[in-house]
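# Survey of secondary and tertiary structure
Residues per chain are reported as follows:
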Amino acid sequence: MREQAVIRKLKEREESSAEELLLHYGPLLRYVIGAILSDERDREECVQDAVLKVWREIGRFDAQKGSWTGWLTTIARNLALNRLRSMAGQESRELTEEETDKTPTPEEALLRKEQQDALQKALGRLKKADCVLFYRKYYYRQTTAQIAAELGTTERAVEGRLYRIKAKLRIYLEGGDHGGQA
Amino acid sequence: MADKRDLFEENSSREARDDAFDALLMDSLPPEADPSVSSSIAPGRQGMLFILISVALGLLTLHFLYLDLILPVISYGLGLLGWHRLKEANGSFRRGWTLQLVRTVLYLFFLFQQMSVWTMEEILTKVGYAAFGWVCTLLLMAQLYFLRQGIREVQRKAGQPEDTKAVNALIAEIAVLCVLGFLDVRGLLALIMIIVLIVCLKNLFKLTGALNEAGYALSGRPARIRPAVLLGIYAVLVLLVCALAPRSYPMQWQERQKVQQSAALAVAADLKAKGFPDEVMQDLTEEDLLSCEGAVSVMKYRSEVSTPDLDGLLLQAVAVVLDEGRGLGGAPRVWRIFYHFSLPDRDHGRGTEALEIPETLFRPFGGEDCVTETPCGWIFHEEKGKTVTAPISGIERKHYTTSPDLFGTYYTYDSWFAGFSLSSDCRRVRGYVALTVQDAYGEIDFSWDNAEPRIQDRYGTSSLCYIHQLRSLQFPVLSAVTWKTSGIQGEAFENIRLYGYFFPEQ
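What you see is a predicted model; the values in this text were computed from it and never measured.

On to the domain arrangement of chain B. Residues and elements named next belong to chain B. Each domain of chain B was delimited in the assignment, giving domain 1 (42-244) and domain 2 (254-504). Contacts between the two partners involve 12 residues from domain 1, matched on the other side by 16 residues from domain 2. Between domain 1 and domain 2 lies a buried interface of about 1100 Å² when both sides are counted; carbon and sulfur atoms form 60% of it. The tally of links between domain 1 and domain 2 comes to zero salt bridges.

Turning next to the sheet that holds strand S9 (residues 411-420) of chain B. All names here are of chain B. Reading across the sheet, the five strands line up as S8-S9-S5-S11-S12 and stay open at both edges, with antiparallel pairing between neighbours. A strand with exactly one partner marks an edge of an open sheet, and here the two such strands are strand S8 (396-402) and strand S12 (493-498). Within this sheet the neighbouring strands show an average axis-to-axis angle of 30 degrees, counted without direction. As paired strands, strand S11 (residues 464-469) and S12 are joined by six bridges and run antiparallel to one another. Residue pairing for S12: Leu464 is matched across the bridge by Leu498.

Attention shifts here to the interface of chain B and chain A. On the side of chain A, 43 residues touch chain B, which itself brings 38 residues to the contact. Here chain B meets chain A over a buried area of about 3700 Å², counting both sides, of which 62% is carbon and sulfur. Along the contact surface separating chain B from chain A lie one salt bridge. When the shortest N-O distance is used, the salt bridge between A:Lys166 and B:Asp22 registers 2.9 Å. There are nine residue pairs in polar contact (both at pLDDT 80 or more) connecting chain B and chain A. By residue number, the principal contributor to the side of chain B that touches chain A is helix H1 (residues 2-28) of chain B, which donates eight residues. Considering only residue class, the side of chain B that touches chain A consists of 20 nonpolar, eight polar and 10 charged.

This part is about helix H6 (residues 120-157) of chain B. All names here are of chain B. Compared with an ideal rise of 1.5 Å per residue, which puts 38 residues at 56 Å, H6 spans 45 Å between its outermost C-alpha atoms and falls more than 12% short. Lys126 marks where H6 bends most, by close to 85 degrees. Following H6 by one or two positions, Gly159 adopts a phi angle in the positive range, close to 75 degrees.

Over its 18 residues, helix H7 (residues 165-182) of chain B runs 26 Å from end to end, which matches the ideal 26 Å to within 8%, given 1.5 Å per residue. For H7(B), the set of buried residues is B:Ala166, B:Val167, B:Leu170, B:Ile171, B:Glu173, B:Ile174, B:Leu177, B:Cys178 and B:Leu180.

The next subject is the pattern of salt bridges. With the rule as written, the count across this model stands at 33 salt bridges over all chains. A:Glu40 is the partner of A:Arg43 in a salt bridge, and the nearest nitrogen-oxygen pair spans 3.6 Å. A residue pair is termed a helical-turn pair when its members lie 3 or 4 positions apart in one helix, as A:Arg43 and A:Glu40 do in helix H3 (residues 40-57) at three residues. A salt bridge links B:Glu359 to B:Arg397; the nearest nitrogen and oxygen atoms lie 2.9 Å apart. Of the two residues, B:Glu359 is situated in the loop between strand S5 (353-358) and strand S6 (376-383) and B:Arg397 in strand S8; the sequence distance between them amounts to 38 residues. The exposure class assigned to B:Glu359 is buried, which follows from its relative accessible area of 1%. For B:Arg397, a relative accessible area of 33% gives the class partly exposed. Sharing partners across several salt bridges, the network here consists of B:Arg256, B:Asp283, B:Glu382, B:Arg428 and B:Arg430.

Turning our eyes to something else, we now look at the pairing of strand S2 (residues 297-306) of chain B. Residues and elements named next belong to chain B. Both S2 and strand S3 (residues 311-323) contribute to a ladder of 10 bridges, which runs antiparallel. Of the residues in S3, the one forming a bridge with Lys300 is Val318. Between S2 and S3, which follow one another and run antiparallel, lie four residues.

Once that is clear, we can look at the environment of B:Gly150. All names here are of chain B. In this fold, Gly150 is placed in helix H6. Sequence separation of Gly150 and Leu177 is 27 residues, and the distance between their C-alpha atoms is 23 Å. Sequence-distant contacts of Gly150, defined by excluding residues within four places in its chain, comprise Asn90, Ser92 and Phe93.

Moving on: empty space enclosed by the protein. Any empty space left between the atoms is revealed when a probe the size of a water molecule rolls over them. All told, the structure shown has one cavity of 30 Å³ or more when counted by the stated rule. Roughly 40 Å³ of internal volume is contained in the largest cavity. Around the largest cavity sit A:Leu28, A:Tyr31, A:Val32, A:Thr73, A:Tyr140, B:Ser38, B:Ile41 and B:Tyr216, which together line it. The biggest single contributor to the lining of the largest cavity is helix H2 (residues 17-34) of chain A, with three residues.

The next thing to look at is the domain arrangement of chain A. Residues and elements named next belong to chain A. For chain A, the assigned domains read domain 1 (1-102) and domain 2 (105-182). For the pair domain 1 and domain 2, the two sides together bury roughly 730 Å², of which 46% comes from carbon and sulfur. On inspection of domain 1 and its partner domain 2, the count reaches zero salt bridges. At the surface where domain 1 touches domain 2, the tally comes to five residue pairs in polar contact (both at pLDDT 80 or more). Broken down by element, the residue count for the side of domain 1 that touches domain 2 peaks at four residues, all from helix H4 (residues 68-96). In terms of residue class, the side of domain 1 that touches domain 2 is made up of five nonpolar, two polar and one charged.

Enumeration according to the criterion identifies 24 aromatic pairs over all chains in this entry. Measuring from ring centre to ring centre gives 6.2 Å for B:Trp83 and B:Phe93, while their planes differ by 65 degrees; the resulting arrangement is edge-to-face. Note that B:Trp83 is positioned in helix H4 (residues 67-86) and B:Phe93 in helix H5 (residues 91-114), a separation of 10 residues in sequence. Using a relative accessible area of 3% as the deciding quantity, one classes B:Trp83 as buried. The class for B:Phe93 is buried, based on a relative accessible area of 0%. Pairing B:Phe380 with B:Tyr432 gives two aromatic rings, centres 6.2 Å apart and planes at 20 degrees, and the pair type is stacked. Of this pair, B:Phe380 sits in strand S6 while B:Tyr432 sits in strand S10 (residues 427-439), and the two are 52 residues apart along the sequence. For the pair formed by B:Phe380 and B:Tyr432, the shared burial category is buried. Cation over ring: A:Arg125 sits above A:Tyr172, and NZ or CZ is 4.1 Å from the ring centre. Its end group placed over the ring of B:Phe21, A:Arg170 keeps NZ or CZ at 4.4 Å from the ring centre.

What counts as what
Residues numbered from 1 in each chain as written. Chains lettered and ligands numbered in written order. Predicted model: local features only at pLDDT ≥ 70, side-chain atom pairs only at ≥ 80, totals over all residues. Heavy atoms only, no water. Domains from an automatic or database assignment. Contact = heavy atoms within 4.5 Å. Buried area = accessible area lost by both parts, 1.4 Å probe. Salt bridge = Lys/Arg side-chain N within 4 Å of Asp/Glu carboxyl O. Pairing = 2+ DSSP bridges. Helix = DSSP H or I, 4+ residues; strand = E, 2+ residues; numbered from the N terminus. Axes fitted to C-alpha atoms, helices over the stretch in contact; angles between N-to-C directions. Polar contact = N/O pair within 3.5 Å; in protein donor to acceptor, adjacent residues only side chain to side chain. Nonpolar A, V, L, I, M, F, W, Y, C, P; charged D, E, K, R; others polar. Expected span 1.5 Å × (residues − 1). Bend = angle between axes of the 7 residues up to and from the residue. Buried < 20%, exposed > 50% of the residue type's maximum accessible area, 1.4 Å probe, protein only. 1 Å grid on protein atoms, 1.4 Å probe; cavity = no way out; pocket = protein on both sides within 12 Å on 5 of 7 lines; lining within 4 Å. Points joined across faces, edges and corners; volume = space filled by probe spheres on them. Phe/Tyr/Trp six-rings, centres within 6.5 Å; stacked < 30°, edge-to-face > 60°. Lys NZ or Arg CZ within 6 Å of the ring centre and 35° of its normal.

See the structure below:
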């Protein structure tokens with residue numbers, strides 16, 4: 001109910017909608033961004049960027065294609081990763097004074113698409129809990145300590161599970177074990 | 001040296017391969033996460049859910065399919081998991097976790113009692129049991145308070161307005177439920193209790209969303225033990241408690257000593273001459289024989305009852321008149337009465353059995369208690385060609401009330417109960433309970449002329465009962481005595497009525 005109200009207000013460009021977005025979904029945005037950016041100021045700037053982006057691109061959100069929180073977390077995560085990359089880029093420029101061309105070639109783009117499809121298939125064969133754990137680590141870039149704290153378990157247990165998940169994925173991606181779900 | 005270098009190189013190359021695989025995985029991830037994955041990542045939600053399911057299960061008391069055992073065990077397990085998951089988030093949740101540990105220990109103690117033949121009053125005394133109930137209730141209320149405070153702290157940290165209406169309502173409703181529970185309400189008030197319970201469950205459902213938005217502000221440290229280990233420890237403790245709780249009375253079996261004292265033998269000969277049944281006399285101890293010295297006359301009654309599970313339960317009631325007295329205002333009449341029973345051979349090791357001797361047998365018209373001293377009793381059986389015996393310890397008088405309906409109809413009884421346990425391989429089991437009965441007013445009349453109308457008019461209150469355990473599997477575990485006196489309905493026991501009235505020998 002609240003989700004639909006916020007989306008409606010954003011689409012109708014109501015003045016209070018950005019505030020409401022920040023009030024109700026600020027913790028979620030900070031949660032996603034906080035796992036990627038370590039500096040408090042960078043995080044807050046990134047949250048503001050995310051709110052701005054949601055405000056601008058709310059027209060592109062389609063509830064039929066995906067969930068609202070999924071859409072928000074994708075925006076927050078991508079903005080945080082971009083910020084992290086740009087910061088890393090600045091550092092490497094300062095160090096090496098070299099700039100590499102990051103735009104992928106058509107072959108690289110095709111290869112990447114194939115890799116994404118293969119990984120998607122492999123992830124589909126994992127158990128739901130394992131898939132979520134994988135996304136936490138590799139998509140949301142959460143630390144093992146954060147994952148362990150949220151799952152109420154030990155870092156060692158998380159590391160062990162991640163190790164087993166990776167081993168399974170390696171087998172699936174290398175074309176082995178054509179069975180059903182793991 | 002070369003080996004070490006090879007190992008180092010192998011490790012380095014493995015790490016390099018792992019790093020490359022990690023990089024490949026990160027590069028290959030789709031730009032958008034699966035919607036089901038993003039909705040699954042909600043810190044605090046699962047912990048909160050576990051706690052609330054735990055509270056809901058704790059509120060339900062269902063006396064069928066062993067749900068009164070299964071639901072609380074699951075409830076405390078989920079409570080442990082839920083609080084363990086939230087405990088690092090803030091101080092209030094940590095205090096809630098500490099209380100969960102204390103509550104779990106108290107529950108394990110309660111479970112031990114529920115799995116044993118001892119009642120809570122026997123373990124803790126009546127006052128102690130009441131205090132235990134209040135402590136458990138207060139701990140639950142304190143825990144809910146810390147849940148409320150914990151939610152507030154998380155909401156404050158997330159920059160959201162504090163909203164604890166649902167948890168406040170829940171605390172108030174549970175307080176009402178506890179008060180109604182302690183008052184042991186019946187009738188219409190019980191309906192109110194059910195309504196409050198339904199409202200409680202509705203509020204619990206509302207509360208599951210309390211940390212949906214603010215929960216992302218939860219942060220903490222990794223746990224020191226894994227949830228599976230925590231659950232494993234809990235499961236082991238539950239199993240240990242269930243396994244160690246005694247389901248039968250400890251009986252001090254020893255080989256039976258033959259009566260050798262000449263005075264006792266002389267009394268036995270005198271009793272036999274007066275018609276004392278031989279099968280009963282053979283089991284009497286020296287002390288009990290001597291207690292019948294100077295017997296005036298003997299009255300006896302023999303009754304055999306069969307039930308589907310106990311084919312041929314034999315009761316012999318023998319009253320030895322010790323003093324005829326001098327009637328009203330004079331010396332009281334005194335009897336030494338023996339209730340002797342023998343059981344057919346079968347598997348007796350199911351838990352506990354009991355003999356109930358209602359006082360209405362001796363004081364049919366009310367008045368003062370007439371059993372002058374604490375009764376004593378013995379159980380016998382044959383083992384490897386020898387007769388072994390054990391005293392029936394703790395023969396006690398119980399004043400109890402039963403209520404066959406929810407609308408406040410009560411029946412009260414005063415009876416002497418002799419509870420005992422037998423082992424599976426017992427053969428030729430028999431026993432007796434001996435009482436000394438005194439009648440200062442000349443009112444007691446054991447004769448059939450008096451007994452017959454009493455059987456007709458007071459059926460159910462003045463019959464001797466043998467309480468027999470039908471099956472060993474039961475929860476809560478009850479002794480035969482508790483089963484009879486608590487009025488708890490259940491199929492683990494059967495109540496076999498026997499008539500203990502006497503005919504004068506002459």
